[in-house]
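A look at the structure
What follows is the residue order along each chain.
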Amino acid sequence: AQSVTQLDSHVSVSEGTPVLLRCNYSSSYSPSLFWYVQHPNKGLQLLLKYTSAATLVKGINGFEAEFKKSETSFHLTKPSAHMSDAAEYFCVVIHAISSNTGKLIFGQGTTLQVKP
Amino acid sequence: GAGVSQSPSNKVTEKGKDVELRCDPISGHTALYWYRQSLGQGLEFLIYFQGNSAPDKSGLPSDRFSAERTGGSVSTLTIQRTQQEDSAVYLCASSLPILAESYNEQFFGPGTRLTVL
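Described below are features of the structure shown in this document.

Calculation notes
- Residues numbered from 1 in each chain as written.
- Chains lettered and ligands numbered in written order.
- Predicted model: local features only at pLDDT ≥ 70, side-chain atom pairs only at ≥ 80, totals over all residues.
- Heavy atoms only, no water.
- Helix = DSSP H or I, 4+ residues; strand = E, 2+ residues; numbered from the N terminus.
- Rg over C-alpha atoms; globule rule 2.2 N^0.38 Å.
- Buried < 20%, exposed > 50% of the residue type's maximum accessible area, 1.4 Å probe, protein only.
- Areas by Shrake-Rupley, 256 points an atom, 1.4 Å probe, with all protein chains shown as cover.
- Lys, Arg positive; Asp, Glu negative; His and termini not counted.
- Charge placed at Lys NZ, Arg CZ, Asp CG, Glu CD.
- Contact = heavy atoms within 4.5 Å.
- Salt bridge = Lys/Arg side-chain N within 4 Å of Asp/Glu carboxyl O.

When its secondary structure is counted, chain B shows zero helices and 10 strands. For chain B, the N- to C-terminal ordering of α and β elements is β-β-β-β-β-β-β-β-β-β. Rg of the C-alpha trace for chain B: 14 Å, near the compact-globule value of 13 Å for 117 residues, within the 12% margin. Its C-alpha atoms give chain B principal-axis dimensions of about 40 × 30 × 25 Å. Per-residue burial for chain B yields a buried fraction of 49% across its 117 residues. Accessible surface for chain B amounts to roughly 5700 Å². Of this, 47% is attributable to carbon and sulfur atoms. Positive and negative charge centroids in chain B, built from 10 and 12 side chains respectively, lie 6 Å apart.

Turning our attention to the environment of Leu91 of chain B. Of note, Leu91 of chain B is situated in strand S8 (residues 88-95). Sequence-wise, Leu91 of chain B and Tyr35 of chain B are 56 residues apart; in three dimensions their C-alpha atoms are separated by 5.0 Å. Other than its neighbours up to four places away in sequence, Leu91 of chain B contacts Leu44 of chain A together with Gln6, Tyr33, Trp34, Tyr35, Gln37, Leu43, Phe108, Gly109, Pro110 and Gly111 of chain B.

So, on to the pattern of salt bridges. Tallied over the entire structure, the rule returns eight salt bridges over all chains. Taking the shortest distance from any N to any O, the salt bridge between Lys58 of chain A and Glu64 of chain A comes out at 2.8 Å. With a relative accessible area of 63%, Lys58 of chain A lands in the exposed category. A salt bridge links Lys103 of chain A to Asp56 of chain B; its shortest N-O distance comes to 3.4 Å. Residue Lys103 of chain A is found in the loop between strand S10 (87-94) and strand S11 (104-106), and its partner Asp56 of chain B is found in the loop between strand S5 (42-50) and strand S6 (65-69); the two belong to separate chains. Asp56 of chain B shares its class with Lys103 of chain A; the two are buried.

Written out as structure tokens, the structure is:
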């Protein structure tokens, strides 16, 4: 069975400093992995996705993530945080490609706080 | 174009009452999902519809929960005899058809916040 673990429930950074949100996955299959962002009172938005192509994936708003099979990790990074990045971030794995229903399995979420 | 819409945005109900939550997917999206977001359980899958196929109901937490999708478009999630533990944000998502070995982005609605008193 697939699962994801987000290692930090809360991350606080200063504006202009790098962001690192950590995610480890567990999967019996070659996984498809995603990061979603949820701003207060807004819907979930896809940041980026990994589907077995390039291991370094670039997403929207300057975010990127690297798939590392040896470490079973898919950490989200951004070189320089902006105040507008403050939100909840979810690492997500897709359920069983072999019986592809597309249902998403979410991590517990990481709240990113950006200080001025 | 219009995104996924959900109504109502907020619903407060008394324990034991039935509630209906509505989702309007993006036009042309044949796949539709319901998820629940709660403090204790995080974000969890509830049910999935694709076209005329039988829905995947494997995530429904009890038989008090049901969902239907009429005409392959609008979906309604019904919770009967609501309990306090049903309090959560219910999210709907839609996507283009799901094909084997592929993934189409799911677009999420803003959610319905359900509070059971």
